[in-house]
Amino acid sequence: MNDDFDIERARKDTRACEDIVHFNNAGSSLMPAPVADAFREFFDQEEMTGGYETADRNHAQLEHFYTATASLLNCESEEIAFIENATRAWDMAFYSFRFNAGDKILTTIAEYGSNVIAYNQCVKRFGVELVFIENDQHGQVDIQALENQIDDRVKLISMTHIPTGGGLINPAAAIGRVANAAGIPFLLDSCQGVGQVALDVKKIGCTMMCGTGRKYLRGPRATGFLYVQKDLIEQLDPPMLDQHAADLISPTEYVIRPDAKRFENWEQNFAGKAALGVAIDYAMSYGMPSIQRRICALANKFRDQLQDIDGVVITDEGLARGGIVTFTVANKTPAQVKTELANQGINVSVSDGSGSLVSFVQRGLTEVVRASVHYFNTESEIDYFAQNLRKIVST
Ligand SMILES: Cc1ncc(COP(=O)(O)O)c(C=O)c1O
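Rules and cut-offs
Along each chain, residue indices are assigned from 1 in the same order as the chain's sequence is written. Two thresholds apply to this predicted model, a pLDDT of at least 70 for residue-level local features and 80 or more for giving and counting side-chain atom pairs, whereas whole-chain, interface and lining totals are computed over all residues. Side-chain numbers here rest on the full set of heavy atoms in the structure, without hydrogens or water. Only the contacting stretch of a helix is used when fitting its axis, a line to C-alpha atoms as for every element, and angles between N-to-C directions run 0 to 180 degrees. Helix and strand assignments follow DSSP, with helices taken as H or I runs no shorter than four residues and strands as E runs no shorter than two, numbered in order from the N terminus. In these notes the angle categories are as follows: under 35 degrees is roughly parallel, over 145 is roughly antiparallel, 65 to 115 is roughly perpendicular, and the rest is oblique. Rotating anticlockwise by less than a right angle from the far helix to the near helix defines a left-handed crossing, while the corresponding clockwise rotation defines a right-handed one. Contacts are assigned to residue pairs with any non-hydrogen atoms lying within 4.5 Å of each other. What goes into a patch is any residue over 30% in relative accessible area without a salt bridge, connected to like charges within 9 Å or, for nonpolar side chains (Val, Leu, Ile, Met, Phe, Trp, Tyr), within 5 Å. Computed by Shrake-Rupley with a 1.4 Å probe, the accessible areas treat only the displayed protein chains as cover when residues are assessed. Each reported salt bridge corresponds to a side-chain nitrogen of Lys or Arg within 4 Å of a carboxyl oxygen of Asp or Glu. Partly exposed residues are those whose accessible area sits between 20% and 50% of the maximum for their type, while under 20% is buried and over 50% is exposed, using a 1.4 Å probe and protein chains only. Any two strands with at least two DSSP bridges between them are considered paired. For each residue, the test is whether any non-hydrogen atom lies within 4 Å of the molecule or strand; if one does, the residue is near. The definition of a polar contact used here is a pair of N or O atoms within 3.5 Å, where within protein one atom must be able to donate a hydrogen and the other to accept one, and adjacent residues in sequence count solely through side-chain atom pairs. Gly counts as polar in this scheme, as do all residues outside two lists: the nonpolar Ala, Val, Leu, Ile, Met, Phe, Trp, Tyr, Cys and Pro, and the charged Asp, Glu, Lys and Arg. Each nonpolar core is a collection of buried residues, namely Ala, Val, Leu, Ile, Met, Phe, Trp, Tyr and Cys, held together in the definition by side-chain atoms within 4.5 Å. Here the bounds of each domain stem from an automatic or database domain assignment.

**A few points about the packing of helix α2 (residues 33-49) against helix α11 (residues 270-286)**
Two measures define how a pair of helices packs: the angle their axes make with one another and the distance between the axes. Viewed as axis vectors pointing N to C, α2 and α11 meet at an angle of 155 degrees, and their least axial separation amounts to 8 Å. Viewed along their axes, α2 and α11 adopt a mutual orientation that is roughly antiparallel. Our pair here, α2 against α11, has a crossing hand that is right-handed. For the pair α2 and α11, contact is made by Pro 34, Val 35, Ala 38, Phe 39, Phe 42, Phe 43 and Glu 46 and by Phe 270, Ala 271, Gly 272, Ala 274, Ala 275, Val 278, Ala 279 and Tyr 282, respectively.

**Quick notes on a nonpolar patch on the surface**
On the surface, a cluster of nonpolar side chains totalling about 330 Å² of accessible area is made up of Leu 241, Leu 248 and Tyr 254. Mapping Leu 248 onto the fold places it in strand β9 (residues 246-250). With relative accessibility at 65%, the residue Leu 248 sits in the exposed group.

**Observations concerning the sheet that holds strand β15 (residues 368-372)**
If you walk across this open sheet you meet the four strands as β11-β12-β15-β14, and the pairing is antiparallel. Edge positions in the open sheet fall to β11 (312-314) and β14 (349-351), since each of these has one partner strand only. Between one strand axis and the next, the sheet turns by 40 degrees as a mean value, whatever way the strands run. As judged from the three bridges shared by β11 and strand β12 (residues 324-329), these two strands associate in the antiparallel manner. Its bridge partner being in β12, Ile 314 is matched across the sheet by Phe 327. Against the sheet, helix α13 (residues 334-343) contacts β12, β14 and β15, and its axis sits at roughly 170 degrees relative to β14. In the packing of helix α15 (residues 379-394) onto the sheet, the strands contacted are β11, β12 and β15, and the crossing angle to β12 comes to about 20 degrees.

**A word on the site of the ligand**
Taken together, 13 residues are adjacent to the ligand, and Thr 87, Asp 189, Gln 192, Thr 212 and Arg 214 come closest. At a separation of 2.5 Å, an oxygen atom of the ligand approaches a polar side-chain atom of Thr 87. Asp 189 places a side-chain nitrogen or oxygen 2.7 Å from a nitrogen atom of the ligand. In the complex, 92% of the free accessible area of the ligand, which totals 400 Å², lies under the protein chains. Looking at the shell around the ligand residue by residue, the classes come out as four nonpolar, six polar and three charged.

**Let's talk about the packing of α13 against α15**
Close contact between α13 and α15 brings their axes to 10 Å; oriented N to C, the two are set at 125 degrees. Classified by the angle their axes make, α13 and α15 are oblique. The hand of the α13/α15 crossing is right-handed. Of the residues in α15, those in contact with Val 337, Glu 340 and Leu 341 of α13 are Phe 385, Asn 388, Leu 389 and Ile 392. The class makeup of the residues in the contact of α13 with α15 is five nonpolar, one polar and one charged.

**Observations regarding the nonpolar core**
Formed by 80 residues in total, the largest nonpolar core has its most connected members in Leu 73, Ile 157, Met 209, Phe 327, Phe 385 and Leu 389. Taken domain by domain, this core gets at least three of its residues from each of domain 1 (7-31 + 288-394) and domain 2 (35-285). Core analysis: the next-biggest nonpolar cluster, separate from the first, contains 28 residues, Ile 83, Phe 94, Phe 99 and Leu 156 among them.

**Topic: the sheet that holds strand β5 (residues 154-160)**
Strand order in this open sheet of seven strands is β2-β8-β7-β6-β5-β3-β4, and the pairing throughout is mixed. In this open sheet, the two strands that pair with only one neighbour each are β2 (80-83) and β4 (129-133). On average, adjacent strands in this sheet sit at an angle of 20 degrees to one another, irrespective of strand direction. Relative to strand β8 (residues 224-228), strand β7 (residues 208-212) is paired through five bridges, and the arrangement is antiparallel. The residue bridging Met 209 from the neighbouring strand is Tyr 227, located in β8. In the packing of helix α4 (residues 59-73) onto the sheet, the strands contacted are β2, β7 and β8, and the crossing angle to β2 comes to about 115 degrees. Contacting β3 (104-108), β4, β5 and β6 (186-189), helix α6 (residues 113-126) crosses the sheet at an angle of about 145 degrees to β4.

**Looking at the pattern of salt bridges**
On inspection of all chains with the given rule, the structure shows 15 salt bridges. A salt bridge links Asp 37 to Arg 15, with the nearest nitrogen and oxygen atoms 2.8 Å apart. Taken together, the residues span a long stretch of sequence, with Asp 37 in helix α2 and Arg 15 in the loop between α1 (7-13) and β1 (21-22) at a distance of 22 residues. When the shortest N-O distance is used, the salt bridge between Lys 301 and Asp 383 registers 3.9 Å. Pair noted here: Lys 301 is in helix α12 (residues 288-307) and Asp 383 is in helix α15, with a separation of 82 residues, a long-range link. Salt bridges linked by common partners bring Arg 15, Asp 37 and Arg 40 together as one network.

Written out as structure tokens, the structure reads:
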């Protein structure tokens, strides 16, 4: 455990941790007080002074979302779009590509369900070929197998960094090296990575990345972002345009804006955008490497405890594992375990397989309990969780 981590501050700022044991950070984390307060304050101003007037008055705070996200990811603020969630952000990038019959999309076994639906839609619509790159013996994407698939037909490498239903952290930078060497665009779904692990788009080598606010970033719901590398922005024709994304210059002509805001909507969740900027500043005040170290240490300790409970099987894969801990219990369904834990004030969720279908089908899993830790969780909460799970398993 990194002893230098300011857990006292993290607990004090997390008002709900007095009352609940929240192990559902991969679902939606708890907003820290400064984030929730910023959201409320913005919302109150909207109520009392008007939505447009509040946006005008707080222009600098709203713009801060872009600079904060850019410094989190080590990119330029012009490369960031504010989008209401990771799925839509991903969609705006993915559906900007013009696929032709025979084009190949390379993806992972760990791929998020919505992305797999979108790929298959393009298989149906355009006749693209979808290739799931096999995992290696550790359960992470096999980089050699990825390299073997590279040819002139590959139009896009699109991969999930950390799956919704398991502890795996895919080797994003190794994927990026393959993509960059071949000059192929690389879309990284780091919905579960952002706020959990240190992300540097230059080191990773992704040309596009989506993220969400409410999970490991601890922002409000219905907030997210898309990063698109500047050389790629003007090559991408967004699937939908409005008069914020483009300028209508005559009844028959429009010009798409040159920055990543071409992927945005004019109407947005302004209170959420302001608060997400605060959430990113808040995460960075601890430092992403420090957050990552603490989450991984807590999750490893948690897995060690679960391993000792008869009847519990951990279902996480990967050489590198993060804060998402998944397991099954011999005599109970994941839904029963979730309910029984909730009765003891512990929040978890059930990954029912739709989000990780390709991987679950391959491994013969249907659903698992997902208990995801964040830096504000503690070792004593893990002990409390393990004690309760022991009782649940034995009844
Ligand atoms: C890997 C991954 N990608 C995308 C999403 C979708 O995120 P959002 O609900 O913000 O659209 C999730 C949500 O669980 C996820 O885990």
